[in-house]
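The lines below spell out each chain.
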Protein chains: 2
Amino acid sequence: MAAIVVGHKNPDTDSITAAISLAYLKSKLGVEAKPVAQGELNPESKFVLDKFGFSAPEIVTDATDQKIFLVDHSDKSQSLDNLEKGEILGIVDHHKLGDITTPNPIEIWVWPVGCTCTVLKGMYDFYGVEIPKEIAGIMCCAILSDTVIFKSATCTPQDVEAAEALAKIAGIDDLKALGLEMFKVKSAIEGTPIRDLVYRDYKDFDMSGNKVGIGQLEVVDLSLVEPIKDELYSELQKIKEEGGYHSIFFMLTDIMKEGTELLIVSDNPAVVEVAWGVKPEGRSVWLPGVMSRKKQVVPNLEKAFAG
Amino acid sequence: MAAIVVGHKNPDTDSITAAISLAYLKSKLGVEAKPVAQGELNPESKFVLDKFGFSAPEIVTDATDQKIFLVDHSDKSQSLDNLEKGEILGIVDHHKLGDITTPNPIEIWVWPVGCTCTVLKGMYDFYGVEIPKEIAGIMCCAILSDTVIFKSATCTPQDVEAAEALAKIAGIDDLKALGLEMFKVKSAIEGTPIRDLVYRDYKDFDMSGNKVGIGQLEVVDLSLVEPIKDELYSELQKIKEEGGYHSIFFMLTDIMKEGTELLIVSDNPAVVEVAWGVKPEGRSVWLPGVMSRKKQVVPNLEKAFAG
């Protein structure tokens, strides 16, 4: 029986493409493996697979009796159901080391880089396996996506180097143009219910005993959001009431201008001034250079709430 | 401040040499790092470091405020005290994935091979860093030790390949001769109190509610143990009484003949016959081909006790 290669729940482009890429590499090394996914493709991943001629991987959500390679995660909460009833053969990832343990020695490749596909590029090099043009194409797209076209604080020189080498193999001339095309698909808002937009990338936090929600929408141009901003703000107010939040912050991140307009619905909007030293005007504040929730928003707010 | 590179508690040759080897590699890659150890060298490790001109690494047992690379383990119980007060930068290992987690992405190289130094050989190759002759020598010794000169059930073709390549760099002509020399040092029994010999490699198990102790002594020739066998057996009987054991089994493993003479002190010696289908004669039984406590002794006894 072929091993399965699977990324995290709510799969993104890196999880999908890393599964395809590792399954191919393993097959070339004599280990039968097929890529699967824990859920449907998001619009960006669908665009990427379509562009390079791949169909969506089969959906698998249960580990029972499976032999498994995990990509793009090492946390039980992000992984297959009944993980202890399958056999993990390997992990390829770029996140913090999670709580998965194994009864036997396995193969693990984890590097502190911006994208799992950057690690996979290293594995192909190490094993001397040639990367087919189409697989190089989707791996390159994963790096552009995870590093926000090399602008994210998580991007490393290894990511840029890998993406450029993969682009060469795939015959991609203009990385930035391809990245923008992907982000236009990713940030498409037409036809999406407002609440789905809010929850597309949304997380709850406990900050010094206060319930705080932080969402993010990355767009190639803030003007695209202008027509729905009023509706979006009303929706955040509703969610705040319904959920008993102290605050909801919603990041409208302009990846070209490299900054974030932060929508603020809060019992104490002054925390924003404490967090960034900038006074909100009306219902939002412009934060130049701020693009990462994890690295630039959560820590500042946690300090402001604690102070 | 330089990062420290450290192996597991009660360090063996792989833990010591992998720390030295990774510290050198990291320094070559621009990360200041120094090897340390969680305890004194055992006789084998001392022999190996002396042979290639290294002194014993400084002893460090506390992680507080340290930047740390872990080698040869990924379990908290095997690691430094106060591990959460240090910052783990990387893990290089060949054991099952343990319970260590990290708050940030780190570098992890873990392969299902016989020795950490086999993984390290791969890392040197990957980064294109030349291995100095002396470091190649101690890495080669670690592989010979961990794989019992390629005879252990844990040995893989990668281990053999790495050891042969390292031997070439180090100018070692006869791997087997070097391995035997090491095992003679390791299994030296002159001058060692009998109880220390028993506890040199000894573990307790709970088998279906029965307290069972299993020790192991690896020797290059069983005849070396002959003069102390009576004394050894009396000591096992004493330990059984003192510790309230159901059974103590002591493996006298002959690495050349590739088998184990199992000394038996038990309330029910018949479990040995159930476990291996061989009737004990007197106080011991010869088990041809049995060399690994973990893979060939514990599972059989657990089944026999359960049945």
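Here the structure is a predicted model, which means the values were calculated and not measured.

J.: Pulling in residues and values, what's your account of the relation of the copies chain A and chain B?
T.: When chain A is brought onto chain B, the operation consists of a screw motion whose angular component is 180° and whose axial shift is 0.3 Å, with 0.2 Å RMSD remaining. In symmetry terms, the pair is related by a two-fold rotation axis. In this assembly the copies share their binding face: 100% of the residues contributing to the interface of chain A also contribute to that of chain B.

J.: Which residues make up the interface of chain A and chain B, and what values do they have?
T.: Taken together, the contacts link 22 residues of chain A with 22 residues of chain B. Summed over both sides, the interface between chain A and chain B buries roughly 1,900 Å², with carbon and sulfur atoms accounting for 69% of that surface. Secondary-structure elements contributing two or more residues to the side of chain A that touches chain B are strand S6 (107–110) and helix H3 (116–127) of chain A. Tallying contributions element by element places S6(A) first for the side of chain A that touches chain B, with 4 residues. Per-class residue counts for the side of chain A that touches chain B are 12 nonpolar, 7 polar and 3 charged. Where S6(A) lies against strand S6 (residues 107–110) of chain B, 3 bridges are found, and the strand directions are antiparallel. Paired with Ile108(A) across the strands is Val110(B), a residue of S6(B).

J.: If you had to explain the state of the cysteines to someone new, which residues and values would you point to?
T.: Under the criterion given, the structure shown has 0 disulfides over all chains. Here Cys141(A) stays unpaired: no disulfide links it, and the sulfur of Cys140(A), its closest cysteine neighbor, is 6.0 Å away. Here Cys141(A) falls in the buried class, since its relative accessible area comes to 0%. You can see Cys155(B) has no disulfide; the closest cysteine sulfur is in Cys115(B), sitting 9.6 Å from it.

J.: A description of the domain arrangement of chain A should follow, citing residues and the corresponding values.
T.: Residue and element names in this part refer to chain A. By the assigned domains, chain A splits into domain 1 (3–186) and domain 2 (194–306). Between domain 1 and domain 2, the C-alpha centre-to-centre distance is 29 Å. Tallying the contact residues gives 10 residues for domain 1 and 8 residues for domain 2. On inspection of domain 1 and its partner domain 2, the count reaches 3 residue pairs in polar contact (both at pLDDT 80 or more).

J.: So what's going on with the pattern of salt bridges? Residues and values would help.
T.: Summed over all chains, the structure comprises 37 salt bridges over all chains. Asp125(B) is the partner of Lys121(B) in a salt bridge, and the nearest nitrogen-oxygen pair spans 2.9 Å. With Lys121(B) and Asp125(B) both in helix H3 (residues 116–127), this residue pair falls 4 residues apart, about one helical turn. For the salt bridge of Lys229(B) with Glu261(B), the shortest nitrogen-to-oxygen distance reads 2.9 Å. Taken together, the residues span a long stretch of sequence, with Lys229(B) in helix H8 (residues 229–243) and Glu261(B) in strand S10 (residues 259–266) at a distance of 32 residues. Neither residue differs from the other here; Lys229(B) and Glu261(B) are each classed as buried. Through salt bridges with shared partners, a single network forms among Arg195(A), Glu235(A), Lys238(A) and Glu242(A).

J.: Hey, could you go over helix H4 (residues 133–146) of chain A for me, with residue numbers and the actual values?
T.: Residues and elements named next belong to chain A. For H4, with 14 residues, the first-to-last C-alpha span of 20 Å sits near the 20 Å given by 1.5 Å per residue. The element H4 is extensively covered by neighbouring structure, given that 11 of its 14 residues are classed as buried. All of the buried residues in H4 are Ile135, Ala136, Gly137, Ile138, Met139, Cys140, Cys141, Ala142, Ile143, Leu144 and Ser145. Against the buried residues of H4 lie helix H1 (13–28), helix H2 (43–52), H3, helix H5 (157–170) and helix H6 (175–186). Val148 sits one or two residues past H4 and shows a positive phi near 45°.

J.: Can you tell me about the pairing of strand S4 (residues 67–71) of chain B, naming the residues and giving the values?
T.: Residue and element names in this part refer to chain B. In terms of burial, S4 is a largely internal element, 4 of the 5 residues being buried. Where strand S1 (residues 3–6) and S4 come together, 3 bridges link them in parallel fashion. Pairing of Ile4 across the sheet is with Ile68, part of S4. With 5 bridges joining them, S4 and strand S5 (residues 87–93) adopt parallel strand pairing. Bridge pairing in S5 places Val71 opposite Val92.

Reading the values: rules and limits
Residues numbered from 1 in each chain as written. Chains lettered and ligands numbered in written order. Predicted model: local features only at pLDDT ≥ 70, side-chain atom pairs only at ≥ 80, totals over all residues. Heavy atoms only, no water. Least-squares fit on C-alpha atoms with pLDDT ≥ 70 in both. Contact = heavy atoms within 4.5 Å. Buried area = accessible area lost by both parts, 1.4 Å probe. Helix = DSSP H or I, 4+ residues; strand = E, 2+ residues; numbered from the N terminus. Nonpolar A, V, L, I, M, F, W, Y, C, P; charged D, E, K, R; others polar. Pairing = 2+ DSSP bridges. Disulfide = S-S within 2.5 Å. Buried < 20%, exposed > 50% of the residue type's maximum accessible area, 1.4 Å probe, protein only. Domains from an automatic or database assignment. Polar contact = N/O pair within 3.5 Å; in protein donor to acceptor, adjacent residues only side chain to side chain. Salt bridge = Lys/Arg side-chain N within 4 Å of Asp/Glu carboxyl O. Expected span 1.5 Å × (residues − 1).

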